[in-house]
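# Fold and contact review
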Amino acid sequence: KAGVTQTPRYLIKTRGQQVTLSCSPISGHRSVSWYQQTPGQGLQFLFEYFSETQRNKGNFPGRFSGRQFSNSRSEMNVSTLELGDSALYLCASSLGGLAGEGAETQYFGPGTRLLVL
Amino acid sequence: KNQVEQSPQSLIILEGKNCTLQCNYTVSPFSNLRWYKQDTGRGPVSLTIMTFSENTKSNGRYTATLDADTKQSSLHITASQLSDSASYICVVKGQAGTALIFGKGTTLSVSS
């Protein structure tokens, strides 16, 4: 079974631009969560989608948005990029429960490393 | 405020030695606690998941303990190997409907 895949793996953008990152969950998984990881803050929750609906959202500005398609693939978009958006963006999938509920395991992708210049 | 604190921030040990990583949390109510291993350049991989009623859980050379009364958890690594060099992240799930809360991790370096 293929794992969680994320594209692209690396990205360089300049301030003010926008970016779209893609995540394909493990086959059969319907829940997709997005996280931002930086050396100073560690992993921080962005949002979670299930059946094309956002179920939960972290404390990030509205410049960060996402969506999920009927095949469970998900995209996240960051508009008007700032230097502080440079980070590793991780996607994780799980079968269907809210991320972390019960003993359900989340499976992470390798991440997309975004550098904003 | 719900927080997860990990210690030490970094650790260097010799191959073959044991080590213990600590995680203290203030999340309440508590649902479950997870330990993840993250190799450099990769996404985190789940090691253990413990619910409120579980005190210990093992995964090979990794053993996690949980004391829900004191809100503390530890991850013990036995007979360390070079491949154990990674960041170990403690994650706590609070009440239903809330997001996972991540610690900042402990960076473990195993040297030969």
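This section reports on the structure supplied with the text. (Residues numbered from 1 in each chain as written. Chains lettered and ligands numbered in written order. Predicted model: local features only at pLDDT ≥ 70, side-chain atom pairs only at ≥ 80, totals over all residues. Heavy atoms only, no water.)

Turning to the overall build of chain A, a few remarks are in order. Within chain A, the secondary structure is distributed over zero helices and 11 strands. Secondary structure elements of chain A occur, N-terminal to C-terminal, as β-β-β-β-β-β-β-β-β-β-β. Over its C-alpha trace chain A gives a radius of gyration of 13 Å, about what one expects of a compact globule, namely 13 Å for 117 residues. Along the first, second and third principal axes, the C-alpha set of chain A runs to 40 × 25 × 25 Å. (Helix = DSSP H or I, 4+ residues; strand = E, 2+ residues; numbered from the N terminus. Rg over C-alpha atoms; globule rule 2.2 N^0.38 Å.)

On to the sheet that holds strand β8 (residues 74-78) of chain A. All names here are of chain A. In space, the four strands of this open sheet follow the order β1-β3-β8-β7, with antiparallel pairing throughout. Of all the strands in the sheet, just β1 (5-7) and β7 (64-68) have a single pairing partner and so form its edges. Going across the sheet, the axis of each strand differs from the next one's by a mean of 20 degrees, ignoring polarity. By the bridge criterion, five bridges tie strand β3 (residues 19-24) to β8 in an arrangement that is antiparallel. When the bridges of β8 are listed, Thr 20 appears paired with Asn 77. (Pairing = 2+ DSSP bridges. Axes fitted to C-alpha atoms, helices over the stretch in contact; angles between N-to-C directions.)

All names here are of chain A. The alternating pattern of strand β11 (residues 112-116) places Thr 112, Leu 114 and Val 116 on a buried face and Arg 113 and Leu 115 on a face that is not buried. Looking at chain direction, strand β2 (residues 10-13) and β11 are connected through four bridges and run parallel. Within β11, the position partnered with Leu 11 by the bridge is Leu 114. Where strand β9 (residues 87-94) and β11 come together, three bridges link them in antiparallel fashion. Residue pairing for β11: Tyr 89 is matched across the bridge by Thr 112. (Buried < 20%, exposed > 50% of the residue type's maximum accessible area, 1.4 Å probe, protein only.)

Let's shift gears to the state of the cysteines. Two cysteines form a disulfide when their sulfur atoms are joined by a covalent bond. Per the counting criterion, the structure on display carries two disulfides over all chains. With a sulfur-sulfur separation of 1.7 Å, A:Cys23 is cross-linked through a disulfide to A:Cys91. The S-S bond linking A:Cys23 to A:Cys91 shows a torsion near -45 degrees; that makes this disulfide left-handed. A residue pair is termed long-range when its members are at least 10 positions apart, and A:Cys23 in strand β3 and A:Cys91 in strand β9 qualify at 68 residues. On the basis of relative accessibility, which here comes to 0%, the residue A:Cys91 falls in the buried class. Each sulfur of the disulfide joining B:Cys23 and B:Cys90 lies 2.0 Å from the other. On the S-S bond that ties B:Cys23 to B:Cys90, the torsion sits near -65 degrees, and the link is left-handed. Residue B:Cys23 is located in strand β3 (residues 19-25), and its partner B:Cys90 is located in strand β9 (residues 86-93); the two are separated by 67 residues in the primary sequence. Each member of the pair B:Cys23 and B:Cys90 is classed as buried. (Disulfide = S-S within 2.5 Å.)

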